[in-house]
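# Survey of secondary and tertiary structure
Single-letter residue listing:
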Amino acid sequence: PAGRDRPSGAPEPGHGTRDTGHESNVRRARIAAALWGGFLFILTSWPNPPVIRSGGFPLDKLTHFALYAVEAFLLYRAVSWPGRTGFAASRVLTVVGILAVWGALDEAHQEWIPGRMMDSGDLAADVAGAAVGAAFSAARRMKPGSADR
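As a starting point, this report considers the structure included with it. Predicted, not measured: the structure shown is a model, and the values here were computed from it. (Residues numbered from 1 in each chain as written. Predicted model: local features only at pLDDT ≥ 70, side-chain atom pairs only at ≥ 80, totals over all residues. Heavy atoms only, no water.)

What follows concerns the pattern of salt bridges. For side chains bearing opposite charge, pairing can occur when the charged atoms are close. Within this structure, the stated rule accounts for 3 salt bridges. One salt bridge connects Lys61 with Asp119, and the closest N-O pair in it is separated by 2.9 Å. Taken together, the positions of Lys61 in helix H2 (residues 59–78) and Asp119 in the loop between helix H3 (89–110) and helix H4 (120–142) put the pair 58 residues apart, joining distant regions of the chain. Exposure remark for Asp119: the relative accessible area of 23% places this residue in the partly exposed category. A salt bridge links Lys61 to Asp122; its shortest N-O distance comes to 2.7 Å. Taken together, the positions of Lys61 in helix H2 and Asp122 in helix H4 put the pair 61 residues apart, joining distant regions of the chain. Overall, Lys61 belongs to the partly exposed group, its relative accessible area being 26%. (Salt bridge = Lys/Arg side-chain N within 4 Å of Asp/Glu carboxyl O. Helix = DSSP H or I, 4+ residues; strand = E, 2+ residues; numbered from the N terminus. Buried < 20%, exposed > 50% of the residue type's maximum accessible area, 1.4 Å probe, protein only.)

Now the structure itself:
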(Lines give C-alpha, C1' and ligand atoms only; values in the text may rest on other atoms or scores of the structure.)
Protein backbone atom coordinates (compact mmCIF):
# COMPACT_ATOMS: atom_id res chain seq x y z
CA PRO A 1 0.00 0.00 0.00
CA ALA A 2 1.05 3.58 -0.69
CA GLY A 3 2.74 5.42 2.13
CA ARG A 4 4.20 2.32 3.81
CA ASP A 5 7.94 1.90 3.92
CA ARG A 6 9.40 -1.50 3.04
CA PRO A 7 12.78 -2.72 4.21
CA SER A 8 15.51 -2.00 1.71
CA GLY A 9 15.62 -4.73 -0.91
CA ALA A 10 12.21 -6.15 -0.04
CA PRO A 11 10.26 -7.17 -3.12
CA GLU A 12 7.19 -5.32 -4.24
CA PRO A 13 4.06 -7.20 -3.20
CA GLY A 14 3.24 -9.81 -5.84
CA HIS A 15 6.63 -9.46 -7.57
CA GLY A 16 8.51 -12.36 -5.98
CA THR A 17 12.06 -12.17 -4.71
CA ARG A 18 14.95 -10.22 -6.12
CA ASP A 19 17.01 -12.04 -8.69
CA THR A 20 20.56 -12.79 -7.59
CA GLY A 21 23.53 -13.30 -9.87
CA HIS A 22 23.56 -17.00 -9.03
CA GLU A 23 19.90 -17.45 -9.96
CA SER A 24 20.50 -15.60 -13.20
CA ASN A 25 23.51 -17.82 -14.00
CA VAL A 26 21.48 -20.96 -13.29
CA ARG A 27 18.62 -19.74 -15.48
CA ARG A 28 21.02 -19.00 -18.36
CA ALA A 29 22.67 -22.40 -17.92
CA ARG A 30 19.27 -24.13 -18.03
CA ILE A 31 18.37 -22.34 -21.24
CA ALA A 32 21.76 -23.17 -22.77
CA ALA A 33 21.50 -26.85 -21.73
CA ALA A 34 17.99 -27.09 -23.19
CA LEU A 35 19.05 -25.45 -26.46
CA TRP A 36 22.14 -27.67 -26.75
CA GLY A 37 20.01 -30.74 -25.98
CA GLY A 38 17.59 -29.71 -28.72
CA PHE A 39 20.53 -29.25 -31.09
CA LEU A 40 21.76 -32.77 -30.24
CA PHE A 41 18.31 -34.24 -30.90
CA ILE A 42 18.02 -32.46 -34.27
CA LEU A 43 21.56 -33.50 -35.20
CA THR A 44 20.94 -37.18 -34.41
CA SER A 45 17.59 -37.12 -36.21
CA TRP A 46 19.25 -36.07 -39.47
CA PRO A 47 18.66 -38.90 -41.96
CA ASN A 48 21.52 -40.15 -44.12
CA PRO A 49 24.28 -37.91 -42.74
CA PRO A 50 27.32 -37.39 -44.97
CA VAL A 51 30.21 -39.78 -44.49
CA ILE A 52 33.42 -37.99 -43.61
CA ARG A 53 36.56 -39.93 -44.45
CA SER A 54 38.92 -39.69 -41.50
CA GLY A 55 41.66 -42.08 -42.55
CA GLY A 56 41.02 -44.45 -39.64
CA PHE A 57 40.87 -41.68 -37.03
CA PRO A 58 37.77 -42.16 -34.83
CA LEU A 59 36.29 -38.77 -35.76
CA ASP A 60 32.76 -40.05 -35.10
CA LYS A 61 33.61 -41.04 -31.52
CA LEU A 62 35.48 -37.78 -30.92
CA THR A 63 32.42 -35.87 -32.14
CA HIS A 64 30.13 -37.80 -29.76
CA PHE A 65 32.59 -37.18 -26.93
CA ALA A 66 32.72 -33.43 -27.59
CA LEU A 67 28.96 -32.97 -28.05
CA TYR A 68 28.15 -34.75 -24.79
CA ALA A 69 30.99 -33.02 -22.92
CA VAL A 70 29.43 -29.67 -23.79
CA GLU A 71 25.96 -30.86 -22.73
CA ALA A 72 27.33 -32.19 -19.42
CA PHE A 73 29.20 -28.95 -18.76
CA LEU A 74 26.01 -26.95 -19.31
CA LEU A 75 23.79 -29.39 -17.42
CA TYR A 76 26.10 -29.40 -14.38
CA ARG A 77 25.85 -25.61 -14.25
CA ALA A 78 22.06 -25.80 -14.73
CA VAL A 79 21.56 -28.02 -11.68
CA SER A 80 21.49 -25.85 -8.59
CA TRP A 81 21.50 -27.69 -5.27
CA PRO A 82 20.99 -25.27 -2.37
CA GLY A 83 23.71 -25.41 0.23
CA ARG A 84 26.17 -27.14 -2.09
CA THR A 85 28.94 -25.01 -3.50
CA GLY A 86 32.05 -26.03 -5.36
CA PHE A 87 32.74 -29.60 -6.42
CA ALA A 88 29.95 -32.10 -5.77
CA ALA A 89 30.69 -35.68 -6.82
CA SER A 90 27.04 -36.60 -6.46
CA ARG A 91 26.10 -33.88 -8.96
CA VAL A 92 28.77 -35.08 -11.40
CA LEU A 93 27.46 -38.64 -11.12
CA THR A 94 23.87 -37.46 -11.52
CA VAL A 95 24.70 -35.53 -14.69
CA VAL A 96 26.68 -38.47 -16.11
CA GLY A 97 23.83 -40.86 -15.26
CA ILE A 98 21.24 -38.61 -16.91
CA LEU A 99 23.35 -38.28 -20.03
CA ALA A 100 24.07 -42.03 -20.12
CA VAL A 101 20.32 -42.69 -20.20
CA TRP A 102 19.85 -39.89 -22.73
CA GLY A 103 22.66 -41.32 -24.89
CA ALA A 104 21.14 -44.82 -24.76
CA LEU A 105 17.72 -43.47 -25.74
CA ASP A 106 19.31 -41.44 -28.52
CA GLU A 107 21.13 -44.47 -29.88
CA ALA A 108 17.88 -46.49 -29.79
CA HIS A 109 16.07 -43.59 -31.50
CA GLN A 110 18.63 -43.68 -34.33
CA GLU A 111 17.52 -47.20 -35.28
CA TRP A 112 14.42 -45.61 -36.83
CA ILE A 113 16.32 -42.88 -38.72
CA PRO A 114 17.25 -43.78 -42.32
CA GLY A 115 21.01 -44.08 -42.75
CA ARG A 116 21.68 -44.30 -39.02
CA MET A 117 22.15 -47.20 -36.62
CA MET A 118 22.61 -47.89 -32.96
CA ASP A 119 26.27 -48.10 -31.92
CA SER A 120 27.52 -49.04 -28.45
CA GLY A 121 30.83 -47.31 -29.23
CA ASP A 122 28.95 -44.05 -29.71
CA LEU A 123 27.23 -44.54 -26.36
CA ALA A 124 30.60 -45.17 -24.68
CA ALA A 125 31.94 -41.94 -26.22
CA ASP A 126 28.79 -40.10 -25.05
CA VAL A 127 29.27 -41.27 -21.45
CA ALA A 128 33.01 -40.54 -21.47
CA GLY A 129 32.35 -37.04 -22.81
CA ALA A 130 29.65 -36.51 -20.19
CA ALA A 131 32.05 -37.53 -17.41
CA VAL A 132 34.76 -35.15 -18.60
CA GLY A 133 32.34 -32.28 -19.22
CA ALA A 134 30.67 -32.59 -15.81
CA ALA A 135 34.00 -32.96 -13.99
CA PHE A 136 35.42 -29.95 -15.84
CA SER A 137 32.39 -27.86 -14.93
CA ALA A 138 32.68 -28.97 -11.30
CA ALA A 139 36.38 -28.11 -11.22
CA ARG A 140 35.67 -24.63 -12.63
CA ARG A 141 33.18 -24.01 -9.84
CA MET A 142 35.95 -24.65 -7.29
CA LYS A 143 38.21 -22.02 -8.83
CA PRO A 144 38.63 -18.99 -6.54
CA GLY A 145 36.66 -16.02 -7.80
CA SER A 146 34.21 -18.17 -9.75
CA ALA A 147 30.97 -16.22 -10.21
CA ASP A 148 28.79 -19.29 -9.63
CA ARG A 149 30.54 -21.07 -6.77
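That covers the picture; the talk isn't over yet.
Tracing the backbone through its elements, the reader meets Glu71 in helix H2. This buried residue, Glu71, is left without a salt bridge; Arg30 holds the nearest opposite charge, at 11 Å. Within the local environment of Glu71, its side chain forms a polar contact with the backbone nitrogen of Gly37, the two atoms lying 3.3 Å apart. Non-local contacts of Glu71, meaning those with residues more than four positions away in its chain, are made with Ala33, Trp36, Gly37, Leu40, Leu99 and Trp102. (Lys, Arg positive; Asp, Glu negative; His and termini not counted. Polar contact = N/O pair within 3.5 Å; in protein donor to acceptor, adjacent residues only side chain to side chain. Contact = heavy atoms within 4.5 Å.)

Their axes nearest at 6 Å, the elements H2 and H4 cross at an angle of 40 degrees. With respect to their mutual orientation, H2 and H4 come out oblique. Crossing of H2 over H4 shows right-handed handedness. Class assignment of the residues belonging to the contact of H2 with H4 gives a composition of 13 nonpolar, 5 polar and 7 charged. (Axes fitted to C-alpha atoms, helices over the stretch in contact; angles between N-to-C directions. Parallel < 35°, antiparallel > 145°, perpendicular 65-115°, else oblique. Left-handed = near helix turned anticlockwise from the far one by under 90°. Nonpolar A, V, L, I, M, F, W, Y, C, P; charged D, E, K, R; others polar.)

Moving on, we come to the nonpolar core. Ala72, Tyr76, Val92, Val95, Leu99 and Ala134 are the most contacted members of the largest nonpolar core, which totals 19 residues. Elements with a contribution of two residues or more to this core: helix H1 (21–44), H2, H3 and H4. With 8 residues, the single largest contributor to this core is H2. (Core = buried A, V, L, I, M, F, W, Y, C linked by side-chain atoms within 4.5 Å.)

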